[in-house]
Amino acid sequence: MFKPIKGGTSIIVGEGFNCHLPPPPDKSEIINYGLPIEEQYWKREPIPKWYLERSLEEEYKQVQDQELILRGKKKIMFVDPMCERYRRREWRRRIWGVHIMINGELIYLTGHHYWYLTYCKFDHKENDGYPFYYRFSRDNFYIRQWCEENPKSMGYLFIASRGTGKTSEEIACITNRATMLHNHRAALQSNDFEVGAKGVLIQAKTVPLFNALPKFFKPEFAHGTNTQTELVFRRRSIRGQGSLNLEFGPDVELISTIFAVAPGEKVLDKETLGDVLEDEVGKVNPKMVADVYVRHETNLKTVFRNHRKIGVLRKTTTVEEMNEGGDECHKLWKDSDMKILDGNGFTTSKIHRHLISSLDTDTSLENYIDAKGKNYGPACDKYGNVNREIANIKIQNDFDALKSDLKKLGSRMRKSPRNETEAFIKDQSKSIFNVMLLSDRLEKIRNHMVKPPYVRGNLFWLKDKFGPVWWERDDHAGRFNWAWFPEEFSMIKEPDKAKVLNNFGEEWGYDMKGFSRKMKFPKNDHLFRIGSDPIKYSKTKDPRASKAAMHGFRLYDGMADYGKEKKDWTSHNFIFEYVNRPEDPETTFEDAAMACIFLGCKLLPERNVPSLNNYFETNGLEKFLAYPKDFVSSTVDLQITSDDAGYASTSEVIDYYTRRLIAFINTHIHRMPFDNTIEDWLNFDSTNPTKSDATVSSGFTLVHAEKITEMEQQPEGELSEWFNTYDNSSVNGIFAHQQENQ
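Scoring rules and cut-offs
Residues numbered from 1 in each chain as written. Predicted model: local features only at pLDDT ≥ 70, side-chain atom pairs only at ≥ 80, totals over all residues. Heavy atoms only, no water. Pairing = 2+ DSSP bridges. Helix = DSSP H or I, 4+ residues; strand = E, 2+ residues; numbered from the N terminus. Axes fitted to C-alpha atoms, helices over the stretch in contact; angles between N-to-C directions. Contact = heavy atoms within 4.5 Å. Salt bridge = Lys/Arg side-chain N within 4 Å of Asp/Glu carboxyl O. Buried < 20%, exposed > 50% of the residue type's maximum accessible area, 1.4 Å probe, protein only. Parallel < 35°, antiparallel > 145°, perpendicular 65-115°, else oblique. Left-handed = near helix turned anticlockwise from the far one by under 90°. Nonpolar A, V, L, I, M, F, W, Y, C, P; charged D, E, K, R; others polar. Phe/Tyr/Trp six-rings, centres within 6.5 Å; stacked < 30°, edge-to-face > 60°. Lys NZ or Arg CZ within 6 Å of the ring centre and 35° of its normal.

Draft legend 1. Up close: the sheet that holds strand β23 (residues 573-580). Spatially, β17-β16-β18-β23-β22-β21-β24 is the arrangement adopted by the seven strands of the open sheet, whose pairing is mixed. With one partner strand each, in any of the chains shown, β17 (469-473) and β24 (603-605) form the two edges of the open sheet. Each adjacent strand pair in this sheet contributes to an overall mean axis angle of 30°, direction not counted. Taken together, the six bridges between strand β21 (residues 528-533) and strand β22 (residues 548-554) define a ladder with antiparallel strand orientation.

Below is the structure:
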């Protein structure tokens, strides 16, 4: 499944898993081959009656033969040839999988999938307890097999709505391996021990499954038929004379186990395991039970030793409450993106992720009739194919009924997610921003656009430092995300001839310390504004804890957007995003200086950390800083008596910029190009803004955008007091003061 197979084919499923399928076998080995297309669907084949009858006779003869063999009168035990052919066929299918014709299409079922459909009895009442075939389930098993075979994948994280069978499928895979492999140990974890791991995973699922297996798939076992916490696959110990003839070892027993464990972070520390199931990882309360990300680091060591894969981590969940495990699960999800790999080919978490969309899991065979009486037909057909359009209509109607209660709507979305955004949508009661608007925009940017609405790159000095600046694209190491450039950017060939960009001047003046020096000043403050949230490097040791943030904003341009509806504006929007933490703080300061010079505008910093201000003032760039006194003529009247650039993050300032963000989100979110900032808005906590660098920076940017462009200072007194003026009322003009003396 992971490596190409000679003569086979390939298929892309899920988030980009390239699964390699084996070539089709002889026609006689293909299930449903030769049947009419309308009859080509999955039908579980129970163990035939003839086998049950003949196997009983076979067992009777084997008991007799065993006595003869012990007495040395016979060397070979009787085996029914028909029964043996049947058993061998089922073992081949269990190990290597099988091909089947479904609705005219040749489908490959993995060994796990065939085992699950044929031999794993759960709670499907319509099918005598056995599961049905669905296409989305087929894809799930492909991804599982891909992760099992991939040496760079230590497992996977599956997220889906309730009732999709994800937990049962995992139990099937684990039981299949534990009842077939020697010395295989599998641990089962849930969000609690008594009800989850012990009650559901062991007693309600694993035990009934094992008890219902046919004898030819049951290894020797030492547990009872109603074991509480573990299944042990080894020979029972026997006392007395019978023990003399009892053999032990790998030829007659597996010595494998499946056991339930508590949900703690260090429970499996120092264990060596072949399988670890972590069920409901999105419902584990991080404060009361365990932080699932911390637990992941512990469990990872049980299947990955000395840089060698020895087992598989299997994680499944439905996310319900973000503050009760959802946030930690989301961190694990983001670190499991197969598109982001380290130099060794691993994801950050060393596992892979897959979302089972609720658009693919509506298995209702009944016709769907909406409230208006329109009949759409069934959402799922007998071949296991789900109609995504019908499923989407049903889900959307369900969501629309709750649109007036955003908290309930968010909870419903997490339980039936169509996409990643809905799976981890924030609780509206925990956010001051409109979660639905932000989530919808985030989903469109990340999943419905061919490419991001911005490019990644860096600014650089054209010649001398603090001189003209230009842009270069860098998709790998770029620190800026840039969404809009003036038209001249793509038209001019010589950057130093730009008229809008690098529009700044120089003049002699006095700096903040009273020294006379040549100072640069911006000329585009009527076009652009920048806001930033700098960081103090010496205070933050964890590079994930805080980042320097900066945003550029294009003010409303009547030449471009006059007469247009707001939804069609191209101006009055963020044009660049900078959320980064270079190793050298000088890099951040220099990036800020280059951004100001490139756009020719001022920057409004959050001044709780004065290092950025100091850098600008030291290098003659203080006129590129915005001061509270600059806002006197605008609606912003905060800290106007301060002589320092920027604002301190007081409660009044936080309240002011959050109100500006709310207004922008409610009116212009559909035009916001930066998904990282949107995600930061979703996570923003106004009581602890230090964790939301992009939110603070973008908020300061919007406050800066409200500043009215400074008017040139008018001289006091009459003009005649400063200059000689002419009286042109007669034929010959004379100085006014001369007229007064006449």
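Draft legend 2. Expanded view of the environment of Asn 613. Relative to the helices and strands, Asn 613 is located in helix α16 (residues 611-618). Taking the C-alpha atoms as reference points, Asn 613 and Leu 603, ten residues apart in sequence, are found 9.9 Å from one another.

Draft legend 3. Main features of the sheet that holds strand β12 (residues 312-317). Read from one edge of the open sheet, seven strands run β7-β8-β6-β9-β12-β5-β13, paired in mixed fashion. Looking at strand neighbours, the two that pair on one side only are β7 (230-233) and β13 (352-356), the edges of this open sheet. Sheet twist, expressed as the mean angle between neighbouring strand axes with direction ignored, is 10°. By the bridge criterion, four bridges tie strand β6 (residues 185-189) to strand β9 (residues 275-279) in an arrangement that is parallel. Pairing of Ala 187 across the sheet is with Val 276, part of β9. This element, helix α8 (residues 326-334), spans β5 (155-160), β12 and β13 of the sheet and lies at about 130° to β5.

Draft legend 4. Geometry of the pattern of salt bridges. The tally for this structure, following the rule as stated, stands at 51 salt bridges. Lys 74 is the partner of Asp 65 in a salt bridge, and the nearest nitrogen-oxygen pair spans 2.9 Å. Looking at Asp 65, the relative accessible area reads 6%, which means it is buried. Lys 74 sits in the partly exposed class, given a relative accessible area of 32%. With a closest N to O distance of 3.3 Å, Lys 497 and Glu 494 form a salt bridge. Residue classification places Glu 494 among the partly exposed residues on the basis of a relative accessible area of 40%. It is possible to trace a salt-bridge network through shared partners that takes in Arg 144, Glu 148, Glu 169, Glu 170, Arg 177, Asp 275 and Arg 314.

Draft legend 5. Focus on the packing of helix α12 (residues 435-447) against helix α18 (residues 675-682). Between α12 and α18, whose axes approach to 10 Å, the crossing angle comes to 155°. The angle between the axes of α12 and α18 places the two elements in the roughly antiparallel class. Of the two possible hands of crossing, α12 and α18 adopt the one that is left-handed. In contact with Val 435, Leu 438, Ser 439, Arg 441, Leu 442, Ile 445 and Arg 446 of α12, α18 contributes Asp 675, Asn 676, Ile 678, Glu 679, Trp 681 and Leu 682. Taken together, the residues of the contact of α12 with α18 sort by class into seven nonpolar, two polar and four charged.

Draft legend 6. Seen up close, the packing of helix α5 (residues 166-178) against helix α6 (residues 193-211). It is at 10 Å that the axes of α5 and α6 come closest, and there the two elements cross at 55°. One finds that α5 runs oblique with respect to α6. The interaxial crossing formed by α5 with α6 has right-handed handedness. Contacts from Thr 167, Ser 168, Ile 171, Ala 172 and Thr 175 of α5 reach α6 at Leu 201, Lys 205, Thr 206 and Leu 209. Residues belonging to the contact of α5 with α6 are distributed by class as follows: four nonpolar, four polar and one charged.

Draft legend 7. View of unusual backbone geometry. Even without being a glycine, His 307 presents a positive backbone phi close to 60°. Its location among the elements puts His 307 in the loop between β10 (304-305) and β11 (308-309). The class of His 307 is exposed, set by a relative accessible area of 75%. A positive phi angle is found at Lys 350, which is not glycine, with a value near 70°.

Draft legend 8. Representation of helix α10 (residues 406-415) within the structure. The complete set of buried residues in α10 reads Leu 409, Gly 410, Ser 411, Met 413 and Arg 414. In this fold, the buried residues of α10 make contact with α9 (388-400), α11 (420-423) and α12.

Draft legend 9. Structural view of the packing of aromatic side chains. In this structure the tally under the stated criterion is 52 aromatic pairs. Plain terms: the ring middles of Phe 210 and Phe 221 are 5.1 Å apart, the flat faces sit at 85° to each other, and that makes the pair edge-to-face. In this pair, Phe 210 sits in helix α6 while Phe 221 sits in the loop between α6 and β7, placing the two residues eleven residues apart along the sequence. An aromatic cluster of three or more residues is present, and its members are Trp 42, Trp 50, Tyr 51, Tyr 86, Trp 91, Tyr 114, Trp 115, Tyr 119, Phe 216 and Phe 217. Positioned over the ring face of Tyr 41 is Lys 43, at 4.3 Å from the centre of the ring. Over the ring of Phe 210 we find Lys 218, and its NZ or CZ is 5.3 Å from the ring centre.

None of this, on its own, says anything about what the molecule does.
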